[in-house]
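Residue strings, one per chain:
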Amino acid sequence: MKKLCPRLVGKMSLFIAYAFCWIIIVIMKHHINFNNFRTTIPKTIFMARAVGGCVAFAVLLFAGEMRAQNILTNSGFENGTITNWTTLQTNNYVESGSPAHSGNYYYKVYGQFTGSTNYTSIYQDLPSAPGDTYSADGWAFSSSGDAINGYDSVWIEVSFRDASGNALADYRSAVVTSNNIASFGGFDTWFDLQITNQCYFNNPSKVILTPGTVTNTVTNLVAPAGTADVRYQVVFLQGADNANGSMYFDDLTLDQTSGTLPPPLPTPPIYNIVWDDEFNGTSIDNTKWTFESGNNGGWGNNEREYYTSSTNNAFVDGNGLLHIDALTQSMGGFNFTSARMKTQGLYNTPAYGHIQWRAAMPAGLGMWPALWMLGSDYPSVGWPKCGEIDIVENPGNQPYNQTSLHYGTGPINLTGYYYYPSGTTITNFHTYEMDWTTNSMKFYVDGNLYESQTVGAPFNAPFFFIMNLAVGGNYPGNPTDGAIIASNTWPKEVLVDYVRVLEPTAPLAISTTNSNGDLVLSWPTNIVCHLQTQTNSLLNGNWSDLSSTTNPFVIVPDPTQTSVFYRLASP
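Quick caveat: nothing in here was measured; it's all calculated off a predicted structure. (Residues numbered from 1 in each chain as written. Predicted model: local features only at pLDDT ≥ 70, side-chain atom pairs only at ≥ 80, totals over all residues. Heavy atoms only, no water.)

Draft legend 1. Structural detail: the overall build of the protein. In terms of helices and strands, the protein carries two helices and 41 strands. Counting every position in the protein, which comprises 571 residues, the buried fraction comes to 52%. Long-range contacts, defined as pairs at least 24 residues apart, comprise 70% of the intrachain contacts of the protein with a sequence gap of at least 6. On the protein, roughly 24,000 Å² of surface is accessible, and the fraction owed to carbon and sulfur atoms is 52%. (Helix = DSSP H or I, 4+ residues; strand = E, 2+ residues; numbered from the N terminus. Buried < 20%, exposed > 50% of the residue type's maximum accessible area, 1.4 Å probe, protein only. Contact = heavy atoms within 4.5 Å. Areas by Shrake-Rupley, 256 points an atom, 1.4 Å probe, with all protein chains shown as cover.)

Draft legend 2. Representation of the pairing of strand 38 (residues 530–534) within the structure. With four of its five residues buried, strand 38 lies for the most part within the structure. For strand 38 and strand 41 (residues 564–569), the ladder comprises five bridges, and the chain directions are antiparallel. Looking across to strand 41, one finds that T533 is bridged to Y566. Bridge count between strand 38 and strand 39 (residues 544–545): two bridges; the pairing is antiparallel. Paired with Q532 across the bridge in strand 39 is D545. (Pairing = 2+ DSSP bridges.)

Draft legend 3. Quick look at the environment of I324. Within the fold, I324 resides in strand 23 (residues 322–331). Exposure remark for I324: the relative accessible area of 0% places this residue in the buried category. Taking C-alpha positions, I324 is 8.7 Å from N312, a pair spaced 12 residues apart along the chain. Beyond its immediate sequence surroundings of up to four residues, I324 is in contact with N313, S338, A339, M341, M467, N468, L469, K492, E493 and V494.

Draft legend 4. Fine view of the sheet that holds strand 27 (residues 367–375). Pairing within the open sheet is antiparallel, and its seven strands lie in the order 20-25-34-27-28-29-30. This sheet does not close on itself; its edge strands, each paired only once, are strand 20 (290–292) and strand 30 (412–419). On average, each strand axis in the sheet is tilted by 20° relative to the strand beside it, whichever way the strands run. Across three bridges, strand 28 (residues 388–393) lies against strand 29 (residues 400–407) in antiparallel orientation. Directly across from D390, in strand 29, lies its bridge partner S404. (Axes fitted to C-alpha atoms, helices over the stretch in contact; angles between N-to-C directions.)

Draft legend 5. Local environment of the layout of surface pockets. The space that makes up the second largest pocket amounts to roughly 790 Å³. As for the second largest pocket, its lining consists of 28 residues, and the residues nearest its centre are N92, Y93, V94, N448 and L449. Elements represented by at least two residues in the lining of the second largest pocket include exactly strand 7 (92–96), strand 8 (105–110), strand 30 and strand 33 (448–453). The leading source of residues in the lining of the second largest pocket is strand 7, at five residues. Its residues assigned to classes, the lining of the second largest pocket comprises 12 nonpolar, 11 polar and five charged. (1 Å grid on protein atoms, 1.4 Å probe; cavity = no way out; pocket = protein on both sides within 12 Å on 5 of 7 lines; lining within 4 Å. Points joined across faces, edges and corners; volume = space filled by probe spheres on them. Nonpolar A, V, L, I, M, F, W, Y, C, P; charged D, E, K, R; others polar.)

Draft legend 6. Inspection of the pairing of strand 31 (residues 430–437) at higher detail. When you tally the buried positions in strand 31, you get seven out of eight residues, the bulk of the element. One ladder, built from seven bridges, connects strand 26 (residues 353–360) with strand 31; its direction is antiparallel. Residue W357 lies in a different strand from strand 31, and its bridge partner there is Y432. Sheet analysis places strand 31 next to strand 32 (residues 440–445), joined by six bridges and oriented antiparallel. In the sheet register, W436 faces strand 32, and the bridge partner there is M441. Between the antiparallel neighbours strand 31 and strand 32 lie two residues, among them N439 with a positive phi of about 65°.

Draft legend 7. Broad picture of the sheet that holds strand 15 (residues 211–217). Pairing within the open sheet is antiparallel, and its seven strands lie in the order 6-9-17-11-12-14-15. The open sheet is flanked by strand 6 (86–88) and strand 15, the only strands paired with a single partner. Averaged over all adjacent pairs, the angle separating strand axes in this sheet is 30°, with direction ignored. One ladder, built from three bridges, connects strand 6 with strand 9 (residues 118–127); its direction is antiparallel. Residue pairing in the sheet places T87 in a bridge with I122 of strand 9.

Draft legend 8. Geometry of unusual backbone geometry. Along the chain, W383 connects to P384 via a cis peptide bond; the corresponding omega equals 10°. Relative to the helices and strands, P384 is located in the loop between helix 1 (378–381) and strand 28. Going from S570 to P571, the amide bond is cis rather than trans, its omega being 10°. Residue position: P571 is located in the segment after strand 41. For D251, which is not glycine, the phi torsion reads 50° and is therefore positive. Here D251 shows up in strand 18 (residues 246–258). In this model, N516 sits at a positive phi of 55°, which is unusual for a non-glycine residue. Structurally, N516 is set in the loop between strand 36 (511–515) and strand 37 (518–522).

Draft legend 9. Layout of the packing of aromatic side chains. Per the stated rule, a full pass over the model turns up 30 aromatic pairs. Plain terms: the ring middles of F141 and W190 are 5.1 Å apart, the flat faces sit at 45° to each other, and that makes the pair tilted. Of this pair, F141 sits in strand 10 (residues 133–141) while W190 sits in the loop between strand 12 (167–172) and strand 13 (191–194), and the two are 49 residues apart along the sequence. Since its relative accessible area comes to 7%, F141 is described here as buried. According to the relative accessible area criterion, W190 is buried, its value standing at 16%. (Phe/Tyr/Trp six-rings, centres within 6.5 Å; stacked < 30°, edge-to-face > 60°.)

Quick look at the structure:
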């Protein structure tokens, strides 16, 4: 089942709406003059209703809590990354799901394991001026399964800095340790760290201010003379004991209570799906995919499979999943058959965008599943000059996903690894994503950023998709056919839920016009979406797709129906 709900991928850089765009049409038995209006949902519902022979429009906003004075950006990490935060050291992560304090994401931090006292931190610097006042807090959590212990110490602080970055004043929350965490509610509990302690320090030019001795308790954090910036910072101190343990943070707040607020940040672009394959139906869409066949000399990697277009090796199961199966089957002098699908000649991605794959991969000796891309100029310039983007790749027996970029002469190889959390492996379904912008490529698994690269050509041009399951070859270590056969249960298969390409677009919205008493609905033609309807109630889930819908779509008032509900669903 595909999700049909809003998802915030980047509050400041990226907004992706797998959205519903709603319009409620109340059609009366007498003529209604529908005025033109446009929805910009997902959180706005427009309703047209006849009242006393005229039309009244009501806008119902279902907005969440808003903290208008919180000047932090990405304070709840709901874009799934640490975007907008500056990091000190590694081991700063954004994770999804439980136990997020709110939303779906939270920040996780732990030490560097250097054998000496070390600090791991994230912070934001924001413009400030003398006399500006603030209040600040943040929610913290330590899991009993990965509890802070030993010399671990954790706190949140706000410091005021001059134009050279030197600290002028420092305020901190209580410092959390394994010895006092019970006073905050203990492990497996979210607790609010209020920043109310004014602290002494003697190293104003440093990122981490020490010793942090409390000198006063305050209600307002006041910017002193000379202030140019205010810094909000989360700090994890690990001692020389290399103690294990991590801390989670969510819903961080720096409220400006007086002074001049900083200018608003630019509105992020809205990304919508412009091409996809959800693998609905019962057959592979040959307008989107074509097959490669044979072994092609091992594809330059000494691979041991023979690719076919047979439905034994690639098929859609009728439940929304594509199967790419490797079989022990003799063909063309090889002991394995499999499938290699591509969009070459049928679809090239735009030069930039957001790519998503949701898939489950096989594990086992000799398995080499891959979801990847080649530059559209591959036939003319060849590999590696065309560029290669490996979004998903695994040698079959390792606990990670490998991402790689190959290009230039030589070639140049840039690679990164995502290690699956405990309890999950490559065989589980994961969402693999790439943010692709000018000179920047960022890679995510399940919303967790794990690799960033700054690159230019050839990654500034269209690419096409490839999905395949190779068997044997250099990457898995060249095991023998006999060892591969004996070590695995067959068939081995890649399962793909969807492939999606998202681009900046106008909002997913329904526009309405009146034509001779009929209502005409229209919507953007460059967004993958479809019209749904129901006649019962907005609150129930009995929505159905309209078959053979044209855009624009003409609604003729039906005197037997008092109300009709329409929405756009994407994908």
